[in-house]
Amino acid sequence: MALPIPPEPRDIKDRIIKRRSVCTGSSCDSFSVWFGNEIAKYLWDHWNRELTRAGINWQKFLSILSNHTQELIDWAIRNTLAWNDLVKILTNDLSPGTEVTSVGRKGGILDYLG
């Protein structure tokens, strides 16, 4: 199953950056990318048919996406990860146990289908 790469949600990214700019504390990066589940809702709107057919519901999708909080931060706040690269990390179909991200974790959506 191949998931399409949706257009980069620049409006969501802008809101994340604004939230981060007014937040102080050690959890602000994570808070900023997860507030309101904006990225998750955006991706779910684009992928829910394929994911539902594959047995991934909203809750499981959130669980999978939560494994990639650092990548979401790198895309939205640090601007060190391109949108297309973020989506490729999320949708990878490498075998379980294979390192697929820059931080050495597996956990793409397709890893949960096998």
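Rules and cut-offs
Along each chain, the written sequence defines residue order, and numbers are assigned to residues from 1. It should be noted that, the model being predicted, local features are given only for residues of pLDDT at least 70 and side-chain atom pairs only at 80 or more, the latter also being counted only at that level, while totals for whole chains, interfaces and linings use all residues. Only heavy atoms go into the side-chain values, all of them from the structure, while hydrogens and water stay out. We count a stretch as a helix when DSSP gives it H or I for four or more residues in a row; a strand needs E for two or more, and each element gets its number in order from the N terminus. Each residue is assigned to one of three classes by its accessible area relative to the maximum for its type, calculated with a 1.4 Å probe on protein chains only: buried under 20%, partly exposed between the two thresholds, exposed over 50%. Between N or O atoms, a polar contact is any pair within 3.5 Å; within protein, one atom must be a potential hydrogen donor and the other a potential acceptor, and residues adjacent in sequence are included only when both atoms are from side chains. Throughout, a contact is declared for two residues whenever any of their heavy atoms are within 4.5 Å. Stacked, edge-to-face and tilted labels apply to pairs of Phe, Tyr and Trp rings (six-membered ring for Trp) whose centres lie within 6.5 Å, assigned for plane angles under 30 degrees, over 60, and everything in between, in that order. Here pLDDT means the predictor's own confidence in every residue, given as a number from 0 to 100. The term disulfide is used for any two cysteine sulfur atoms that are within 2.5 Å. What we call a nonpolar core is a set of buried Ala, Val, Leu, Ile, Met, Phe, Trp, Tyr and Cys residues that are connected through their side-chain atoms within 4.5 Å.

J.: In this structure, what is going on with the side chain of Thr 69? I would like to understand it.
T.: On the secondary structure map, Thr 69 appears in helix H5 (residues 69-76). Thr 69 gets classed as buried once you look at its relative accessible area, which sits at 17%. There is a polar contact of 2.9 Å between the side chain of Thr 69 and the side chain of Trp 34. Aside from chain neighbours lying at most four places away, what touches Thr 69 is Ser 30, Val 33 and Trp 34.

J.: What am I meant to see in the packing of aromatic side chains here?
T.: Geometry of an aromatic ring pair is reported as the spacing of the ring centres plus the angle between the planes. If you walk through the whole model with that rule in mind, you get 7 aromatic pairs. Taken together, a centroid distance of 6.2 Å and an interplanar angle of 35 degrees make the contact between Trp 58 and Phe 61 tilted. Remark: Phe 61 and Trp 58 occur in helix H4 (residues 58-66); sequence separation between them is 3 residues, near one turn of the helix. By relative accessible area, Phe 61 is classed as buried at 0%. Measuring from centroid to centroid gives 5.0 Å for Trp 75 and Trp 83, while their planes differ by 55 degrees, and the two rings are tilted. Given a relative accessible area of 0%, Trp 75 falls into the buried group.

J.: What is the right way to read the confidence of the model for the protein from this model?
T.: Reading fine detail from the predicted coordinates is not recommended where pLDDT is low. Chain-level pLDDT for the protein is 83 on average; 80% of the residues reach the 70-or-more range. Within the protein, the lowest mean pLDDT, 91, falls on H4, and the highest, 97, falls on helix H1 (residues 10-22). Low pLDDT (under 50) marks residues 93-107, which in the prediction has 30 contacts with non-local residues, meaning those over four places away or in another chain.

J.: Honestly, the state of the cysteines in this entry has me stumped. Any pointers?
T.: Joining two cysteines, a disulfide is a covalent bond between their sulfur atoms. Applying the stated criterion across every chain yields a total of 1 disulfide. A sulfur-sulfur distance of 2.0 Å marks the disulfide that ties Cys 23 to Cys 28. Between Cys 23 and Cys 28, the S-S torsion sits near -75 degrees, and that sign places the bridge as left-handed. Each member of the pair, Cys 23 as well as Cys 28, carries the same accessibility label: buried.

J.: What is the right way to read the nonpolar core from this model?
T.: Here is a general trend for soluble globular proteins: nonpolar side chains tend to be buried in one another's company. Formed by 27 residues in total, the largest nonpolar core has its most connected members in Leu 43, Phe 61 and Leu 65. Of all elements in the fold, only H1, helix H2 (28-34), helix H3 (38-53), H4, H5 and helix H6 (83-91) reach the threshold of two or more residues within this core. Sort the elements by how many residues they give to this core and H3 lands first, with 7 residues.

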